[in-house]
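# Breakdown of the fold
Chain by chain, the residues run as shown.
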Amino acid sequence: AGGAEIARFTSGGLAIGGTGAANTLDDYEEGTWTPFYTTANNDLTLNGNASNTASMYTTQSGSYIKIGRKVICHMSLATNGVTSHAGSGNLWIGGLPFTTSTTAVGEPRGVNGAMAGRFNSFTPDQVVCNSNATTLQVRAGFESYPTRSNLDTGGSSNRNVTEALIVYSTA
């Protein structure tokens, strides 16, 4: 284009803006993932079932784009028919498609906006990536960590809903 080279296909992938390894796009992927509510102790049950049991959700979907080490995800998660829960610890979301990077100065955790509703006594407004994990903390503010007891157990009328856009770096 106009006499200047803009891109080149190399043995390492598509090189953009130069031919060095740092300019090579060699890892691009799109796909889906299945989010589910869990706890910090990974012991959440819903109506006696494991918290990743599909029948406990009306919506349980996610999609992602991975470019190099950067992952961009969307998720939508809503329960249905939950009348009881057991387990302990803060409320989390599990199932991220890739393990997050270890938290460090150069690799901060992703703090991502979330929209949610119909929980008992709180409304999540952000999800935070856990370090070196495939889980997210559900938060109702910067230092507010709701527990699994905040899940609505109103039976067929419950709608513990979380929708989020998540961006993080992989391990």
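Definitions and limits used
- Residues numbered from 1 in each chain as written.
- Predicted model: local features only at pLDDT ≥ 70, side-chain atom pairs only at ≥ 80, totals over all residues.
- Heavy atoms only, no water.
- Helix = DSSP H or I, 4+ residues; strand = E, 2+ residues; numbered from the N terminus.
- Polar contact = N/O pair within 3.5 Å; in protein donor to acceptor, adjacent residues only side chain to side chain.
- Contact = heavy atoms within 4.5 Å.
- Pairing = 2+ DSSP bridges.
- Salt bridge = Lys/Arg side-chain N within 4 Å of Asp/Glu carboxyl O.
- Buried < 20%, exposed > 50% of the residue type's maximum accessible area, 1.4 Å probe, protein only.

Further remarks concern the side chain of Q137. Checked against the element boundaries, Q137 lands in strand β14 (residues 135-139). Separated by 2.7 Å, the side chains of Q137 and R139 make a polar contact. With near-sequence residues (within four places) excluded, Q137 lies in contact with L91, W92, R109, Q126, V127, V128, N130 and Y145.

The 3 strands lie next to each other as β7-β6-β10, forming an open sheet whose pairing is antiparallel. Edge positions in the sheet fall to β7 (49-50) and β10 (85-86), since each has one partner strand and no second. Inspection of the sheet shows strand β6 (residues 45-46) paired to β7 by 2 bridges, in the antiparallel sense. Among the inter-strand pairings, L46 is bridged to a residue of β7, identified as N49.

Let us look at the pattern of salt bridges. Evaluation of the coordinates by the stated rule reveals 1 salt bridge. In this structure, D152 engages R118 in a salt bridge whose closest nitrogen and oxygen atoms are separated by 3.6 Å. Taken together, the positions of D152 in the loop between β14 and β15 (161-169) and R118 in the loop between β12 (111-117) and β13 (126-129) put the pair 34 residues apart, joining distant regions of the chain. For D152, a relative accessible area of 8% puts it in the buried group. With relative accessibility at 47%, the residue R118 sits in the partly exposed group.

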